[in-house]
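# Observations on the three-dimensional arrangement
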Amino acid sequence: QVQLVESGGGLVQAGGSLRLSCAASGRTFSSYTVGWFRQAPGKEREFAAAISSTTATYYADSVKGRFTISRDIAKNTVYLQMNTLEPEDTAVYYCAARAGGFVRTTSRYDYWGQGTQVTVSS
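Below, the structure is looked at part by part. Because the structure is predicted, anything quoted here is derived from the model rather than measured.

### Observations concerning the overall build of the protein chain
Looking only at helices and strands, the protein chain has zero helices and 11 strands in total. Sequence-ordered secondary structure for the protein chain, helices as α and strands as β, is β-β-β-β-β-β-β-β-β-β-β. Relative to the compact-globule value of 14 Å for 122 residues, the protein chain shows a C-alpha radius of gyration of 13 Å, a close match. If you line up the protein chain on its principal axes, its C-alpha atoms span 40 × 25 × 25 Å. Considering the protein chain as a whole, with its 122 residues, one finds that 44% of them fall into the buried category. For the protein chain, the proportion of contacts with a sequence separation of at least 24, taken over those separated by at least 6, is 57%. With an accessible surface of roughly 6,000 Å², the protein chain has 47% of that area assigned to carbon and sulfur atoms.

Encoded structure:
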């Protein structure tokens, strides 16, 4: 079993930056693929970024070049550095983990955090 806790959300002006953290407990998850997903009000949860056990990274087109995902194995933590934020990035951000390789589909992830709110003002 893996427990995930997100932190680092908040309110930021357009063009600003935030770094989200996803801390895992219960089991080391260096062998897991970890993804960041986001859900805006009235919209479905969507894929944003992911990092595999081999540290390959994947991004949605909407965040490519602005967001960077990384992992610190010693701290059992995955980060999402978000730069040049836009009002359209406003959402609840969730991290999720799965034992297999990378997929974009939310239903294929086994473990989820509680989410952290990111609000970008214009």
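### Remarks on the nonpolar core
If you look at soluble globular proteins, the nonpolar side chains tend to sit buried side by side. Counting 35 residues, the largest nonpolar core has Leu4, Trp36, Leu80, Met82 and Tyr93 as its most contacted members. Of all elements in the fold, only strand 3 (18–25), strand 4 (33–39), strand 5 (46–51), strand 7 (67–72), strand 8 (77–82), strand 9 (91–98) and strand 11 (116–121) reach the threshold of two or more residues within this core. Beyond its immediate sequence surroundings of up to four residues, Leu4 is in contact with Cys22, Ala23, Ala24, Phe29, Cys95, Ala96, Ala97, Tyr111, Trp112, Gly113 and Gln114.

### Focus: the packing of aromatic side chains
Under the criterion given, the structure shown has eight aromatic pairs. When the ring of Tyr94 is compared with that of Trp112, the centres are 6.4 Å apart and the planes differ by 75°; the resulting orientation is edge-to-face. One end of the pair, Tyr94, is in strand 9; the other, Trp112, is in strand 10 (residues 111–112), with 18 residues separating them in the sequence. For Tyr94, a relative accessible area of 13% translates into the label buried. According to the relative accessible area criterion, Trp112 is partly exposed, its value standing at 27%. The structure contains a cluster of three or more aromatic residues connected by ring pairs, namely Phe37, Phe47, Tyr58, Tyr94, Phe102, Tyr109 and Trp112.

### Some thoughts on the sheet that holds strand 1 (residues 3–7)
In spatial order, the strands read 1-3-8-7; together these four strands make up an open sheet with antiparallel pairing. Two strands close off the open sheet at either side, each with one partner strand: strand 1 and strand 7. For this sheet the average axis-to-axis angle between neighbouring strands, irrespective of direction, equals 15°. In this sheet, strand 8 lies alongside strand 3 in antiparallel orientation, the contact comprising six bridges. For Leu20, the partnering residue across the bridge sits in strand 8 and is Leu80.

Rules and cut-offs
Residues numbered from 1 in each chain as written. Predicted model: local features only at pLDDT ≥ 70, side-chain atom pairs only at ≥ 80, totals over all residues. Heavy atoms only, no water. Helix = DSSP H or I, 4+ residues; strand = E, 2+ residues; numbered from the N terminus. Rg over C-alpha atoms; globule rule 2.2 N^0.38 Å. Buried < 20%, exposed > 50% of the residue type's maximum accessible area, 1.4 Å probe, protein only. Contact = heavy atoms within 4.5 Å. Areas by Shrake-Rupley, 256 points an atom, 1.4 Å probe, with all protein chains shown as cover. Core = buried A, V, L, I, M, F, W, Y, C linked by side-chain atoms within 4.5 Å. Phe/Tyr/Trp six-rings, centres within 6.5 Å; stacked < 30°, edge-to-face > 60°. Pairing = 2+ DSSP bridges. Axes fitted to C-alpha atoms, helices over the stretch in contact; angles between N-to-C directions.

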